[in-house]
Amino acid sequence: MTVDEREPGAADPSGGTPALIAGLLLPYVAVGAGWTWLHSGVAALVFYQAGIVLLAGTKLPARLKGLGRGAGGRLVWAFAPLVLLVALAFLRILPQLLVPGLDPAAWLESYGLTGGRLLYVAVAFGIVHPFLEEVHYQPLRGRAPVLAHVSYAAYHGMVLWGCFRDWVVGLTVLSLVGTSVLFHVFERGRFGPRLSLAVHAMADMLVAGVALHWAGWI
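1. Some details on the overall build of the chain
Line of reasoning, step 1. A tally of helices and strands in the chain yields nine helices and zero strands.
Line of reasoning, step 2. Within the chain, contacts between residues at least 6 apart in sequence are counted, and of these 80% link residues at least 24 apart.
Line of reasoning, step 3. When the accessible surface of the chain is totalled, it reaches about 11100 Å², and 72% of it is carbon and sulfur.

2. Comments concerning the packing of helix 6 (residues 115-143) against helix 7 (residues 145-160)
The axes of two packed helices give the description: the angle between them and the distance between them.
Line of reasoning, step 1. Interhelical geometry of helix 6 versus helix 7 gives an angle of 150 degrees and a closest axis separation of 6 Å. Judged by the inter-axis angle, helix 6 sits roughly antiparallel to helix 7. When helix 6 is examined against helix 7, the residues His129, Glu133, Tyr137, Leu140, Arg141 and Arg143 are found in contact with a partner set consisting of Pro145, Ala148, His149, Ser151, Tyr152 and Tyr155.
Line of reasoning, step 2. Class assignment for the residues of the contact of helix 6 with helix 7 results in six nonpolar, three polar and three charged.

3. Looking at the confidence of the model for the chain
Line of reasoning, step 1. Averaged over all residues, the pLDDT of the chain equals 88, while 87% of them reach at least 70.
Line of reasoning, step 2. Mean pLDDT across the secondary structure elements of the chain bottoms out at helix 4 (residues 76-97), with 75, and peaks at helix 2 (residues 41-56), with 98.
Line of reasoning, step 3. Low pLDDT (under 50) marks residues 1-13, which in the prediction has 25 contacts with non-local residues, meaning those over four places away or in another chain.

4. What to know about a nonpolar patch on the surface
Line of reasoning, step 1. A contiguous nonpolar surface patch, about 560 Å² in accessible area, is contributed by Leu119, Val123, Ile127, Val128, Trp217 and Ile218.
Line of reasoning, step 2. Position of Val128 relative to the elements: it lies in helix 6.
Line of reasoning, step 3. Among the residues examined, Val128 registers a relative accessible area of 37% and is labelled partly exposed.

5. Let's talk about the packing of aromatic side chains
The description of an aromatic ring pair uses the distance of the two centres, along with the angle that the planes make with each other.
Line of reasoning, step 1. Applying the stated criterion to the full structure yields 10 aromatic pairs.
Line of reasoning, step 2. Summarising the aromatic geometry, the rings of Trp107 and Trp214 are spaced 6.3 Å apart at their centres and angled 85 degrees between planes, so their arrangement reads as edge-to-face. With a gap of 107 residues between them, Trp107 in helix 5 (residues 104-110) and Trp214 in helix 9 (residues 192-214) connect regions that are remote in the sequence.
Line of reasoning, step 3. Put simply, the rings of Trp35, Trp107, Tyr111, Phe164 and Trp214 pair up and form one aromatic cluster.
Line of reasoning, step 4. Here Arg141 stacks its cationic end above the ring of Tyr152, 5.9 Å away from the centre of that ring.

6. Brief notes about the pattern of salt bridges
Line of reasoning, step 1. Under the defined criterion, the tally for this structure stands at two salt bridges.
Line of reasoning, step 2. Residue Glu134 is joined to Arg141 by a salt bridge in which the shortest nitrogen-to-oxygen separation is 2.8 Å. Each member of the pair, Glu134 as well as Arg141, is classed as buried.
Line of reasoning, step 3. Arg141 is the partner of Glu187 in a salt bridge, and the nearest nitrogen-oxygen pair spans 2.6 Å. Linking Glu187 in helix 8 (residues 166-188) with Arg141 in helix 6, this pair joins segments that are 46 residues apart in sequence. Across this residue pair, the class does not change: Glu187 and Arg141 are buried.
Line of reasoning, step 4. Linked by salt bridges that have partners in common, Glu134, Arg141 and Glu187 make up one network.

7. Concerning the nonpolar core
Line of reasoning, step 1. In terms of nonpolar packing, the biggest core is built from 48 residues, with Trp35, Tyr48, Trp107, Leu113, Phe164 and Trp214 touching the most fellow members.
Line of reasoning, step 2. Take this core: its biggest share by element is eight residues, from helix 6.
Line of reasoning, step 3. Residues contacting Tyr48, with those up to four places away along its chain left out, are Leu26, Pro27, Ala30, His129, Glu133, His136, Tyr137 and Tyr155.

Analysis parameters
- Residues numbered from 1 in each chain as written.
- Predicted model: local features only at pLDDT ≥ 70, side-chain atom pairs only at ≥ 80, totals over all residues.
- Heavy atoms only, no water.
- Helix = DSSP H or I, 4+ residues; strand = E, 2+ residues; numbered from the N terminus.
- Contact = heavy atoms within 4.5 Å.
- Areas by Shrake-Rupley, 256 points an atom, 1.4 Å probe, with all protein chains shown as cover.
- Axes fitted to C-alpha atoms, helices over the stretch in contact; angles between N-to-C directions.
- Parallel < 35°, antiparallel > 145°, perpendicular 65-115°, else oblique.
- Nonpolar A, V, L, I, M, F, W, Y, C, P; charged D, E, K, R; others polar.
- pLDDT = per-residue confidence, 0-100.
- Patch = residues over 30% accessible without salt bridge, like charges linked within 9 Å, V, L, I, M, F, W, Y side chains within 5 Å.
- Salt bridge = Lys/Arg side-chain N within 4 Å of Asp/Glu carboxyl O.
- Buried < 20%, exposed > 50% of the residue type's maximum accessible area, 1.4 Å probe, protein only.
- Phe/Tyr/Trp six-rings, centres within 6.5 Å; stacked < 30°, edge-to-face > 60°.
- Lys NZ or Arg CZ within 6 Å of the ring centre and 35° of its normal.
- Core = buried A, V, L, I, M, F, W, Y, C linked by side-chain atoms within 4.5 Å.

Below, the structure is given as structure tokens:
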């Protein structure tokens with residue numbers, strides 16, 4: 001049995017400690033260089049996604065195929081109406097969660113997210129990113145669950161800081177730790193990686209939709 005034919009959620013021992021460290025730190029390097037240093041949303045996303053592809057190497061096709069394992073995808077239709085209601089409620093309270101006086105469209109523009117670049121990020125983040133990030137984090141959750149949960153959650157705070165109130169950023173990071181734990185449970189059970197991917201995709205599409213809404217596109 002090869003590494004990529006292992007049971008969902010099983011530890012992937014390939015690559016050793018350096019590969020594990022590189023995987024855990026990748027989003028921080030990408031966001032630090034692209035978002036914080038270059039002040040570019042496009043650069044941050046490209047750096048992150050390119051890093052995922054490079055670290056996965058020849059295992060990428062098998063890992064992408066492995067995301068379809070499990071019965072969890074059937075629950076998407078049950079979750080979809082709930083996600084829609086949450087999204088509508090979220091949009092109503094969103095202004096109260098932002099830093100007082102912040103213009104979200106101007107905030108997006110400060111990171112170069114306008115016009116075609118915003119559309120590119122919305123599509124790449126909302127559609128492509130869930131697949132790549134699950135390919136990246138599922139092996140990490142199998143090898144070092146606690147570190148992977150923290151790694152998955154905390155880098156989001158780097159992006160949200162300065163846009164949302166501090167308590168919202170903190171609560172979001174904590175909720176993402178819980179989300180990563182839940183994904184790990186899915187992956188190790190009968191629902192498999194498919195349900196993790198489905199939930200992740202719905203969340204990322206919601207984020208992409210909020211960005212387009214802020215920019216006045218929808």
